[in-house]
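# An overview of the molecular structure
The residues making up each chain are set out below.
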Amino acid sequence: MPIKTWELDPNFRNEIMNEPGGEHLAACFQCSTCTLGCPITEIVSSYNPRKIIQMSLLGMREEVLSNPDLWVCLICQTCTARCPQDVVVSDVLSAIRRIAEKEEEAGKLKIESPRPLFDKAFLHQLEKYGRLYDIGLAKEYYPKKEGSFIKGMRAMMKDYKDFGMRMFKKRKMGPKAMFPEKIKRTDEVKKIFEKIGD
Amino acid sequence: MNGKKLAYYPGCPSAGTAVDQDMSTRAVFEKLGIELAEVEDWNCCGAAEAENPILVYALNARNLAIAEKEGLDIVTPCSICYYNLERSNIALKNDESLRAKMRDIDGSLDYKGGIKARHVLDVFVNEIGMEELKRKIEKKVNVKVAPYYGCYLGRPPVTAFDDPDDPILMDQLIELIGGECVDFSYMKTKCCGGPLMMTRADIAFEMAKNVLEAAKRAGADCIVLACPLCGMMLDAKQPDIEKALNIKIGMPVIYITQLLGLALGIDSKKLGLDKAAVDTKEIVGKVV
Ligand code: SF4
Ligand code: SF4
């Protein structure tokens, strides 16, 4: 389908480049090295970081921000390591994801992937305790992902019943793992989140 | 490295799924006569979930500043912690305005850029050195190994300390202790799928399965790796992967610190080898 040039947003590239990590977007010369080496392309056939960058440079803001493929990047850095133009591809994609999250917060976009919920739930643990608390993370993430507390708990049991027993038997998780490992000066970490956000 | 002491950053998995990695790291350094002083009151590095680089820099500035006060370089056994610590270190070292920004957030982030962050593998091979390790080796570990490097040892270029396409540091250690590396070059640095475990388990399982099956096809007795997320995917979740995809793998997975520990003559229990989900008795049995 041809691009509707009158619907392009010429400012989108600047919006990305103003996000930390998005700075080098404009250096891309479309060689496709990133896509060719990306392990996700072997599983998700539509996945194409080169194309996401091209569409971003063209200003196809809506199409880019609503692309479900944004949320399956592994941050494995294969693309970044190979890009001849030193585009930090993986950071560019993450900058785009953060713009999409802001759009969703503003009520202008619906993200189908649960990934933003997971990342937020993860960071909430750090904000509260200074370290990751696995159980706290699961208790926040699953209900949000499934849409209700009961459904969330059921999904969590399904994913973690065998795994939890296995970890318990091997004494990788004991009664101590039930409680968060809280650092002493949580106020210092809280300040980071207050001033930067997540 | 300042004499015989390093600041130690265990990382969050050290309290649970990667307690064996933590145990073996501590035991190996003790045996090598290098003191590890745990970074006092350390906080999480942000893992793969903190996506905003500024947030990552701030979280890690706090840990770097604590170690800097002691005048010690930081060492960590976790590849993701290493990546976050060292990329923050480099960004902060080279940018006074970024350091000022950190100080504005909180005094505890006042890092001056005076230390380095390193991964244990880098310290073993490039700091302690093969000659010194060779002198301390007490046992031969006669195993066929698939050396699995994952993402953050050779990538991205700013923090890499090994070759991005064909890393060799673990291979060298494995050969030093009498093991044999199977042909695994095309899989060595491919992602295990871990970052998508909680949001796209189907993709994560498929990727982990590919690594496990490649090791099996190559005739390996075990996979050796250096990252707790890889460890969780390939070992702790291996029975879940077998069940979900209706396959049988049974591939033991151990950390490089555990393998080195065996060669240094450390007791397998002290190295946490009994804690793996897939039994490691056969590997321990090959120590002579
Ligand atoms: S590898 Fe770099 S220059 Fe080539 S298409 Fe990807 S981002 Fe653009
Ligand atoms: S970081 Fe993302 S886009 Fe880049 S190679 Fe890995 S999965 Fe693909």
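Residues numbered from 1 in each chain as written. Chains lettered and ligands numbered in written order. Predicted model: local features only at pLDDT ≥ 70, side-chain atom pairs only at ≥ 80, totals over all residues. Heavy atoms only, no water.

### Regarding the domain arrangement of chain B
Residue and element names in this part refer to chain B. Along its sequence, chain B is carved into domain 1 (5-120) and domain 2 (130-284). Between the C-alpha centres of domain 1 and domain 2 there is a distance of 23 Å. Facing 25 residues of domain 1, the contacting portion of domain 2 comprises 26 residues. Approximately 2,400 Å² of surface area, both sides summed, lies buried where domain 1 meets domain 2, with 73% of it carried by carbon and sulfur atoms. (Domains from an automatic or database assignment. Contact = heavy atoms within 4.5 Å. Buried area = accessible area lost by both parts, 1.4 Å probe.)

### Section: the environment of Lys139 of chain B
Residue and element names in this part refer to chain B. The residue Lys139 is located in the loop between α6 (130-136) and β5 (144-147) in this model. Accessibility expressed as a relative area gives 36% for Lys139, which makes it partly exposed. Spatially, the C-alpha atom of Lys139 lies 9.7 Å from that of Leu260, the residues being 121 residues apart in sequence. Setting aside anything within four residues of it in sequence, one finds Lys139 in contact with Ile177, Leu262, Ala263, Gly265, Val287 and Val288. (Helix = DSSP H or I, 4+ residues; strand = E, 2+ residues; numbered from the N terminus. Buried < 20%, exposed > 50% of the residue type's maximum accessible area, 1.4 Å probe, protein only.)

### Overview of the site of ligand 1
Residues and elements named next belong to chain A. As a structural note, the neighbourhood of ligand 1 is formed by 14 residues, with Cys28, Cys31, Ser32, Cys34 and Cys83 the closest of them. Elements with a contribution of two residues or more to the shell around ligand 1: α2 (33-37) and α3 (49-58). Per-class residue counts for the shell around ligand 1 are nine nonpolar, four polar and one charged. (Near = heavy atom within 4 Å. Nonpolar A, V, L, I, M, F, W, Y, C, P; charged D, E, K, R; others polar.)

### Thoughts on the pairing of strand β1 (residues 5-8) of chain B
Residue and element names in this part refer to chain B. The pairing of β1 with strand β2 (residues 35-38) spans four bridges and is parallel. Among the inter-strand pairings, Tyr8 is bridged to a residue of β2, identified as Glu38. Running through helix α1 (residues 19-31), the crossover from β1 to the neighbouring parallel element β2 is right-handed. Sheet topology note: the β1/strand β3 (residues 74-76) ladder contains two bridges and is parallel. Counted as the bridge partner of Ala7 is Ile74 from β3. (Pairing = 2+ DSSP bridges. Right-handed = clockwise from strand over helix to strand, strands pointing away.)

### Overview of the layout of surface pockets
Within this model, the second largest pocket holds a volume of roughly 610 Å³. The wall of the second largest pocket is formed by 24 residues, among which His24, Val88 and Asp91 of chain A together with Tyr57 and Val158 of chain B lie closest to the centre. Of all elements in the fold, only α5 (78-82) of chain A together with α2 (53-70) and α3 (79-93) of chain B reach the threshold of two or more residues within the lining of the second largest pocket. The leading source of residues in the lining of the second largest pocket is α3 of chain B, at four residues. Split into classes, the residues belonging to the lining of the second largest pocket amount to 15 nonpolar, four polar and five charged. (1 Å grid on protein atoms, 1.4 Å probe; cavity = no way out; pocket = protein on both sides within 12 Å on 5 of 7 lines; lining within 4 Å. Points joined across faces, edges and corners; volume = space filled by probe spheres on them.)

### Topic: the domain arrangement of chain A
Considered domain by domain, chain A is made up of domain 1 (5-105) and domain 2 (115-196). Using C-alpha coordinates to define each centre, domain 1 of chain A is positioned 29 Å away from domain 2 of chain A.

### Comments concerning unusual backbone geometry
Backbone torsion omega between Arg155 of chain B and Pro156 of chain B reads -20°, so that peptide bond is classified as cis. By the element assignment, Pro156 of chain B lies in the loop between β5 and α7 (169-176). Backbone geometry places Gln77 of chain A, a non-glycine residue, at a positive phi of 75°. Considering the arrangement of structural elements, one finds Gln77 of chain A in the loop between α4 (61-65) and α5. One non-glycine residue, Asp41 of chain B, lies in positive phi territory at about 60°. Overall, the relative accessible area of 10% leaves Asp41 of chain B in the buried class.

### Observations concerning the packing of aromatic side chains
Applying the stated criterion across every chain yields a total of nine aromatic pairs over all chains. Considering the side-chain rings of Tyr82 of chain B and Phe161 of chain B, the 5.5 Å spacing of their centres and the 85° angle between planes classify their relative orientation as edge-to-face. Of this pair, Tyr82 of chain B sits in helix α3 while Phe161 of chain B sits in the loop between β5 and α7, and the two are 79 residues apart along the sequence. An identical accessibility class is assigned to Tyr82 of chain B and Phe161 of chain B; each is buried. Centroid distance Tyr83 of chain B to Tyr152 of chain B: 4.6 Å. Interplanar angle 10°. Geometry classified as stacked. Within this pair, whereas Tyr83 of chain B is found in helix α3, its partner Tyr152 of chain B is found in the loop between β5 and α7, the two being separated by 69 residues in sequence. The burial state of Tyr83 of chain B is the same as that of Tyr152 of chain B; both residues are buried. Taken together, the ring pairs connect Phe118, Phe122, Tyr141 and Tyr142 of chain A into an aromatic cluster. The ring of Trp42 of chain B has Arg131 of chain A sitting right over it, with the charged end atom 3.4 Å from the ring centre. Above the face of the Phe163 of chain A ring, Lys237 of chain B is positioned so that its terminal group lies 4.3 Å from the ring centre. (Phe/Tyr/Trp six-rings, centres within 6.5 Å; stacked < 30°, edge-to-face > 60°. Lys NZ or Arg CZ within 6 Å of the ring centre and 35° of its normal.)

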